[in-house]
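Structural features, examined
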Amino acid sequence: MSERHERIVVVRNPVSTRTNSVETHVVSRLRETVPSSHVAEIWTPSGDHDEITEHVAESIQPGDTVVVAAGDGTGNAVANAYMYSHDSDGVRLAFLPYGNFNDIARTFTGKAAQRDPSLLLDASATTVSALPLEVLANDEHYRYAVLYATLGWSAVAASLFAHPETRRNLHQGRMGVGSSLVTAAKMYFATRRDSALSPFSIDNDERIHSAATDIAAVNGPVMAHLIRTNRPYYETDTFLTNTLDLSTLTRNARLVGSVGLNFAMGTRLVVPGDIVEGREFHFDHATLPIQIDGEFDELKDVDALTVRKDASEGAKRIDIIKTT
C-alpha cells in the first residue's frame, strides 16, 4: 500500500440510499489504512445541486483524494466542483456506490475496491483524465456531465427518484430495484403520449424533429444499465448521441431490443447513435426536462441547447481513480 500524506476526503450525502453504511464500510476502513488525522469528511448540504457544488468547491484542497460515497447526483456535483475550482492541483476523485443510481462508481471503481475502499489508495490503482460533456443553454454554460445528459421523458422518469417520499423509501429499504422499475413503468404508460419534446432542429440541418420524446448524449460505456456503448468516451474528444421517440416502442425496435437484452441478460449489445464532438439543438422558447448524471432539472425559455467537449490544448479534465 502506498504512503500518501495528503488528505483523504470522504464526501457523504445524508439522504443517499446507503448513507448509513458509509461510516463502517468507508470512513472506518480508510482510517485503518492511513493515519486517522489524514481522513476528513464533507457532508453535503440538503440543498440543490448548485449549493452542493459550491460547498464542495470551497472545501477541497490541493492534493486531496476525494472519495464520493454517494450516488450519481452527488458525484456529478463533486465533478462540477472540481471543474469550477481554481486550485485543484493534484486533486483526484474516486467514486463508491452508495446512492440510488451509481453509474459513475460502477464505471470507474471495480467490485474489489467497492468492497474495500482502501484499494483506491493502492499504488496499483490508475488515474484517468476524463473529459466531461459540457451542456450550454442559450449559449451559456449550464453544467458538466461525467457520463451522460438526457432531455425529455427519461429526465422526467429520473425525477421520480428525486421525490422526497421516494428517496425516503429507498433510504429505509422499503423500495428496491423491482418496485422502482414498476413505478417507472406505470409512469411510462401514463405519460408516454404527452412526453414529446418541443419541435427542434439539429445543428445546421433545417429538418424539424416533431415526434421525439428524448435526446441522449452518452460519455461512457453504460447508462443506467440500459444504454451501452462499450467505449470509454470520457477519455476521448467524442461522445455518442441519439434522438428517440419512446412514445411508440415499435419505432425504436432495435434500441428497445438491445436495451431489454442488456438489462435482463447482462449482454453488451451496443445501442445505435452518432459519434460526435458536439451537437446543438434548436428550439423555440422551450421548457426542457433534463437530467445530467441522474440529476433532474427543468430549463425554461430555451432556444439553443448545446452539448460539446472542449478538447483544446489546456482544457481542464477530471482526474479520476480507476480500479479493475
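Residues numbered from 1 in each chain as written. Predicted model: local features only at pLDDT ≥ 70, side-chain atom pairs only at ≥ 80, totals over all residues. Heavy atoms only, no water.

As for the nonpolar core
In terms of nonpolar packing, the biggest core is built from 41 residues, with L93, F95 and F108 touching the most fellow members. With six residues, helix α3 (residues 72-84) is the single largest residue contributor to this core. Apart from the residues within four sequence positions on either side, L93 is in contact with V66, V78, A79, Y82, I318, D319, I320 and I321. Residues I202, I215, F239 and V302 belong to the second largest nonpolar core, which totals 25 residues. (Core = buried A, V, L, I, M, F, W, Y, C linked by side-chain atoms within 4.5 Å. Buried < 20%, exposed > 50% of the residue type's maximum accessible area, 1.4 Å probe, protein only. Helix = DSSP H or I, 4+ residues; strand = E, 2+ residues; numbered from the N terminus. Contact = heavy atoms within 4.5 Å.)

Side note on α3
End to end, α3 covers 18 Å across 13 residues, agreeing with the expected 18 Å (1.5 Å per residue, within 8%). With respect to burial, α3 is a largely interior element, twelve of its 13 residues being buried. Looking at α3, one finds that the buried residues are D72, G73, T74, G75, N76, A77, V78, A79, N80, A81, Y82 and M83. (Expected span 1.5 Å × (residues − 1).)

Some words on a positive patch on the surface
There is a patch of like positive charges on the surface, built from R18, R106, K111 and R115. Mapping R18 onto the fold places it in the loop between β1 (8-12) and α1 (22-33). (Patch = residues over 30% accessible without salt bridge, like charges linked within 9 Å, V, L, I, M, F, W, Y side chains within 5 Å. Areas by Shrake-Rupley, 256 points an atom, 1.4 Å probe, with all protein chains shown as cover. Salt bridge = Lys/Arg side-chain N within 4 Å of Asp/Glu carboxyl O. Lys, Arg positive; Asp, Glu negative; His and termini not counted. Charge placed at Lys NZ, Arg CZ, Asp CG, Glu CD.)

Remarks on the side chain of N102
Mapped onto the elements of the fold, N102 is located in the loop between β4 (92-97) and α4 (103-108). In this structure N102 comes out as buried when scored by relative accessible area, which is 5%. There is a polar contact of 3.2 Å between the side chain of N102 and the backbone nitrogen of Y98. Excluding its chain neighbours within four sequence positions, the residues that come into contact with N102 are A70, G71, D72 and P97. (Polar contact = N/O pair within 3.5 Å; in protein donor to acceptor, adjacent residues only side chain to side chain.)

Describing the side chain of K309
Within the secondary structure layout, K309 lies in the loop between β16 (295-308) and β17 (318-322). Of note is the side chain of K309, whose polar atom sits 2.9 Å from the backbone oxygen of T238. The residues touching K309, leaving out its near neighbours within four places in the chain, are L131, P132, L133, N219, Y233, Y234, T236, D237, T238, F239 and E277.

Side note on the packing of aromatic side chains
Here the structure, examined in full by the defined rule, presents five aromatic pairs. Ring geometry for F200 and F281: centres 6.1 Å apart, planes at 75°, overall edge-to-face. One end of the pair, F200, is in the loop between α8 (177-191) and β9 (201-202); the other, F281, is in strand β15 (residues 278-292), and 81 residues separate them in sequence. Residue F200 shares its accessibility class with F281, and that shared class is buried. Taking the centre distance of 5.3 Å and the plane angle of 40° together, the rings of F200 and F283 count as tilted. Remark: F283 occurs in strand β15 and F200 occurs in the loop between α8 and β9; sequence separation between them is 83 residues. Residue classification places F200 among the buried positions, given a relative accessible area of 1%. On the accessibility criterion, F283 (9% relative accessible area) is buried. Grouping aromatic residues by their ring pairs yields a cluster made of F95, F108 and Y234. A cation over a ring is seen here: R18 above Y98, with NZ or CZ 4.1 Å from the ring centre. (Phe/Tyr/Trp six-rings, centres within 6.5 Å; stacked < 30°, edge-to-face > 60°. Lys NZ or Arg CZ within 6 Å of the ring centre and 35° of its normal.)

Geometric descriptors of this kind do not, in isolation, establish any biological role.
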